[in-house]
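Overview (structure and organization)
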Amino acid sequence: MREAESRINWANHVDFVYDLIRGCNPAPGAWTNYGEGKLYLFDARKIAAGTFGMVRGRKLGEVVSIGDQGMRILAQGGFVEVSRIRLDDGPKITATEAGIAAGTILGA
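The structure displayed is predicted, hence computed values, not measured ones.

**A few points about the overall build of the protein chain**
Helix and strand content of the protein chain: one helix and six strands. Traced from its N-terminal end to its C-terminal end, the protein chain shows the element sequence α-β-β-β-β-β-β. In terms of overall size, the protein chain behaves like a compact globule, its C-alpha atoms giving a radius of gyration of 12 Å where 108 residues would be expected to give roughly 13 Å. For the protein chain, buried positions account for 39% of its 108 residues.

Below, the structure written as structure tokens:
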């Protein structure tokens, strides 16, 4: 898989985003923009949004929470919860160690 094919488009449905992350794990890793660099995502699970109220007021690609299970990110129709990440060329770390704050918009 090439770099362009492993880029995450947060406007896609959560099923597609989740499948892309799963298909690129363990290498090369599905990625999204984070600041000036790239954030690679690994070890994810998908969470469907049961109601519109769960996503109202949020933006696609927004980190909605950071918890023991990982970092929860909004995609179309639900959330992807990622437990391991890699910043640029660094080592893989847990999502909670990355220091990414809730409210951060990925892919911008």
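**Details of the pattern of salt bridges**
Enumeration over the complete set of coordinates arrives at eight salt bridges. Between E5 and R2 there is a salt bridge, and its shortest N-O distance comes to 2.8 Å. Each of R45, R72 and E81 takes part in salt bridges that share partners, so that together they form one network.

**Brief notes about the nonpolar core**
Core analysis: the largest hydrophobic core is formed by 21 residues, its most contacted members being I8, W10, L41, M71, I73 and I85. If you list the elements that add at least two residues to this core, you get α1 (14-23), β2 (37-48), β4 (70-75) and β5 (78-87). Excluding residues within four positions of it along the chain, M71 makes contact with L39, L41, V63, S65, I66, V80, E81, V82, I85, A95 and I100. Counting five residues, the second-largest nonpolar core is a separate cluster that includes I47, V55, V64 and L74.

**With respect to α1**
All of the buried residues in α1 are V14, V17, Y18, L20 and I21. One side of α1 carries all its buried residues, which in axial view fall inside an arc of 160°. Facing away from the buried side of α1 by more than 90 degrees, the exposed set consists of R22 and G23. Close packing links the buried residues of α1 with β1 (30-34), β2, β4 and β5.

**Looking at the environment of G57**
Relative to the helices and strands, G57 resides in the loop between β2 and β3 (63-67). Using a relative accessible area of 75% as the deciding quantity, one classes G57 as exposed.

**Some remarks on the packing of aromatic side chains**
Ring pairs (aromatic) are described by centroid distance and by the angle formed between their planes. Evaluation of the coordinates by the stated rule reveals zero aromatic pairs. The ring of Y40 is capped by R86, whose NZ or CZ atom sits 4.1 Å from the centre of that ring. For the cation-ring pair, K92 lies above F42, with the distance from its terminal atom to the ring centre recorded as 4.1 Å.

**Section: the pairing of β4**
For a regular strand, side chains alternate in direction, first toward one face of the sheet and then toward the other. In terms of burial, β4 is largely enclosed, as five of its six residues are buried. Direction of pairing for β3 relative to β4: antiparallel, over a ladder of four bridges. Note that in β4 the partner of G67 across the bridge is G70. Where β3 folds back onto β4 in an antiparallel hairpin, the turn is made up of two residues. Where β4 folds back onto β5 in an antiparallel hairpin, the turn is made up of two residues, including G77, whose phi is positive at roughly 90°.

Conventions we followed
- Chains are numbered independently. Their residues run from 1 in the order of the written sequence.
- With the structure being a predicted model, the display of local features is reserved for residues of pLDDT at least 70 and the display and counting of side-chain atom pairs for 80 or more, all residues being used for whole-chain, interface and lining totals.
- Remark: hydrogens and water are excluded; side-chain values derive from all non-hydrogen atoms of the structure.
- Numbering goes from the N terminus for both helices and strands, where a helix is a DSSP run of H or I of at least four residues and a strand is a run of E of at least two.
- This radius of gyration counts C-alpha atoms alone. The globule rule is 2.2 Å times how many residues there are, raised to the power 0.38.
- For each residue, the accessible area found with a 1.4 Å probe, counting protein chains only, is set against the maximum for its type, and the residue is called buried under 20%, exposed over 50%, and partly exposed in between.
- Any Lys or Arg side-chain nitrogen located within 4 Å of an Asp or Glu carboxyl oxygen qualifies as a salt bridge.
- Here the nonpolar core consists of buried residues drawn from Ala, Val, Leu, Ile, Met, Phe, Trp, Tyr and Cys, with membership extended through side-chain atoms lying within 4.5 Å.
- Contact between two residues is taken to exist if any of their heavy atoms lie within 4.5 Å; hydrogens are not considered.
- The arc refers to the directions leading from the helix axis to the C-beta atoms.
- Here the aromatic set is Phe, Tyr and Trp, taking the six-membered ring for Trp, and pairing holds for ring centres within 6.5 Å; pairs whose planes are under 30 degrees apart are stacked, those over 60 apart are edge-to-face, and all others are tilted.
- Our definition puts a charge over a ring when NZ of Lys or CZ of Arg is within 6 Å of the ring centre and also within 35 degrees of the ring normal.
- Strand pairing is defined by DSSP finding a minimum of two bridges between the two strands.

Note that every value here comes from positions in space, so none of it alone points to a role or purpose.
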